[in-house]
Amino acid sequence: MADMPNSFWSGWIAVITVVSLAAMVWMVVSIYFSKSPDPTQHEPGTEPVWDRDLREGNKAPPLWWFWLLFGALIFSVIYLMLYPGMGSYRGALNWSQDSRLQGSYENFTESFAAVRANITQSTLTELQNESDLMETAARLFDRNCAACHGIDGRGQASLFPNLMDVDWQWGSSAENIEQTIRLGRTAMMPPWQAVLGDEGVDEVAGFILALNTDTAAEHPGKVRYDQMCIACHGPDGSGNPLLGAPNLHDESWL
């Protein structure tokens, strides 16, 4: 509330708050300290009576109710003096939810600074030997990665790679995997239908399937492969991790 867009709304809220508190004080005081009407002052025959002896009156509730309500009003006044609540007035303590959140975040960061420094300075092998850290990593994987790569990391739906094998499209070093997790990956495979035509697509696909055979060198799709595909996937189809070009020479297919 202390960050009001302009002074008009700040003043308007302050006025409404002060008037409301004053009205509540007046109401409580008037109820408890007003004089009760004297039933003898009624003119004969004009005083309403129910059930023979039930007469209209104005008796205040018990006095402890008064002190309870009065204490709540005093508390409200003290609260509005110490904390935000009167328009843009920040209160004597200058408290805000944003400063409280920022302070909690700073305390959290400071509490775990040593642990984080130890993690960043450790090697991958050292981290793998820490059972507590690996349990935390497993929970992070379940929460952030399992939806695509599967709970066991073996991929799914022929769309997401298997992380349990030795075939890595972008490289298998710790640095390559860390970069993949941090920044994500987007391959650069363009469409070739318009360039190759239906016949060319079939020939190149056939050549790729024949890479592990003795007939690959004589396959009619080799010419088009050498023209269009060799720059990324290599002459033997082994791929290029720098470009994310997968190995076409193995049996692992996305």
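Quick caveat, the model's predicted, so the values are computed rather than measured.

(A) Layout of a negative patch on the surface. Residues Glu 126, Glu 130, Asp 132 and Glu 135 make up a contiguous surface patch of negative charge. Checked against the element boundaries, Glu 135 lands in helix H6 (residues 131–144).

(B) Highlighting the side chain of His 149. As for its placement among the helices and strands, His 149 is situated in helix H7 (residues 146–149). When sequence neighbours within four positions are dropped, the list of residues in contact with His 149 reads Phe 141, Arg 154, Gly 155, Gln 156, Phe 160, Pro 161 and Leu 163.

(C) The arrangement of the nonpolar core in detail. Within the largest apolar cluster, nine residues are counted, these being Leu 196, Val 204, Phe 207, Ile 208, Leu 211, Ala 216, Tyr 225, Cys 229 and Leu 248. With four residues, helix H9 (residues 193–209) is the largest single contributor of residues to this core. Once residues lying within four places of it in the same chain are set aside, the contact partners of Tyr 225 are Val 204, Phe 207, Ile 208, Ile 230, His 233, Gly 234, Pro 235, Gly 237 and Leu 248.

(D) Up close: unusual backbone geometry. With a phi angle near 55°, Asn 94 is a residue other than glycine that sits in the positive phi range. Within the secondary structure, Asn 94 is located in the loop between helix H2 (63–82) and helix H3 (97–111). Taking the relative accessible area as the measure of exposure, Asn 94 reaches 49% and is therefore partly exposed.

(E) Structural context of the pattern of salt bridges. In this structure the tally under the stated criterion is four salt bridges. Asp 152 is the salt-bridge partner of Arg 154, the closest N and O atoms lying 3.6 Å from each other. You can call Arg 154 partly exposed: its relative accessible area is 48%. The class for Asp 152 is partly exposed, based on a relative accessible area of 42%.

(F) Looking closely at the packing of aromatic side chains. Within this structure, the stated rule accounts for nine aromatic pairs. One aromatic cluster is present, built from ring pairs that chain together Phe 75, Tyr 79, Tyr 83 and Trp 95.

(G) How the structure looks around the packing of helix H1 (residues 7–33) against H2. Running from N to C, H1 and H2 point in directions that differ by 165°, and their axes come no closer than 11 Å. When the axis of H1 is compared with that of H2, the two are roughly antiparallel. Two packed elements cross with a definite hand, and for H1 against H2 that hand is left-handed. Residue-level inspection shows Thr 17, Leu 21, Met 24, Val 25, Val 28, Tyr 32 and Phe 33 of H1 in contact with H2, the latter providing Leu 63, Trp 65, Phe 66, Leu 69, Leu 73, Ser 76, Val 77 and Leu 80. In terms of residue class, the contact of H1 with H2 is built from 13 nonpolar, two polar and no charged.

Cut-offs used in this document
- Throughout this description, residue numbers start from 1 for each chain and increase along the sequence as written.
- Reporting of local features is limited, given that this is a predicted model, to residues whose pLDDT is at least 70; pairs of side-chain atoms are given and counted only at 80 or more, and all residues count toward the totals for whole chains, interfaces and linings.
- Side-chain calculation: all heavy atoms of the structure are included, whereas hydrogens and water are not.
- The patch calculation keeps residues exceeding 30% relative accessible area without a salt bridge and links them within 9 Å when they carry like charges or within 5 Å when they are nonpolar (Val, Leu, Ile, Met, Phe, Trp, Tyr).
- Residue-level accessible areas treat just the shown protein chains as cover; the underlying method is Shrake-Rupley with a 1.4 Å probe.
- Here, a salt bridge means any side-chain nitrogen of Lys or Arg that lies within 4 Å of a carboxyl oxygen of Asp or Glu.
- By the counting scheme adopted, Arg and Lys are positive, Glu and Asp are negative, and His together with the chain ends is not counted.
- Taken as the charge location is NZ of Lys, CZ of Arg, CG of Asp or CD of Glu.
- We count a stretch as a helix when DSSP gives it H or I for four or more residues in a row; a strand needs E for two or more, and each element gets its number in order from the N terminus.
- Only heavy atoms enter the contact rule, under which two residues are in contact if any of them lie within 4.5 Å.
- Among the buried residues, those of types Ala, Val, Leu, Ile, Met, Phe, Trp, Tyr and Cys that are joined through side-chain atoms within 4.5 Å form a nonpolar core.
- Residue burial is assigned from relative accessible area. The probe radius is 1.4 Å, only protein chains are included, and a residue is buried under 20% of its type maximum, exposed over 50%, and partly exposed in between.
- Working definition: a ring pair exists when centres of Phe, Tyr or Trp rings (six-membered ring for Trp) sit within 6.5 Å. Plane angles under 30 degrees give stacked, over 60 give edge-to-face, the rest tilted.
- Orientation is described by lines fitted to C-alpha atoms, with helices fitted over the stretch in contact, and by angles between N-to-C directions that extend from 0 to 180 degrees.
- Working rule for angles: under 35 degrees goes down as roughly parallel, over 145 as roughly antiparallel, 65 to 115 as roughly perpendicular, anything else as oblique.
- The sense of a crossing depends on the near helix, which, turned anticlockwise from the far helix by less than a right angle, makes the crossing left-handed and, turned clockwise, makes it right-handed.
- Following the grouping adopted for this structure description, the nonpolar residues are Ala, Val, Leu, Ile, Met, Phe, Trp, Tyr, Cys and Pro, the charged ones are Asp, Glu, Lys and Arg, and the polar ones are all others, Gly among them.

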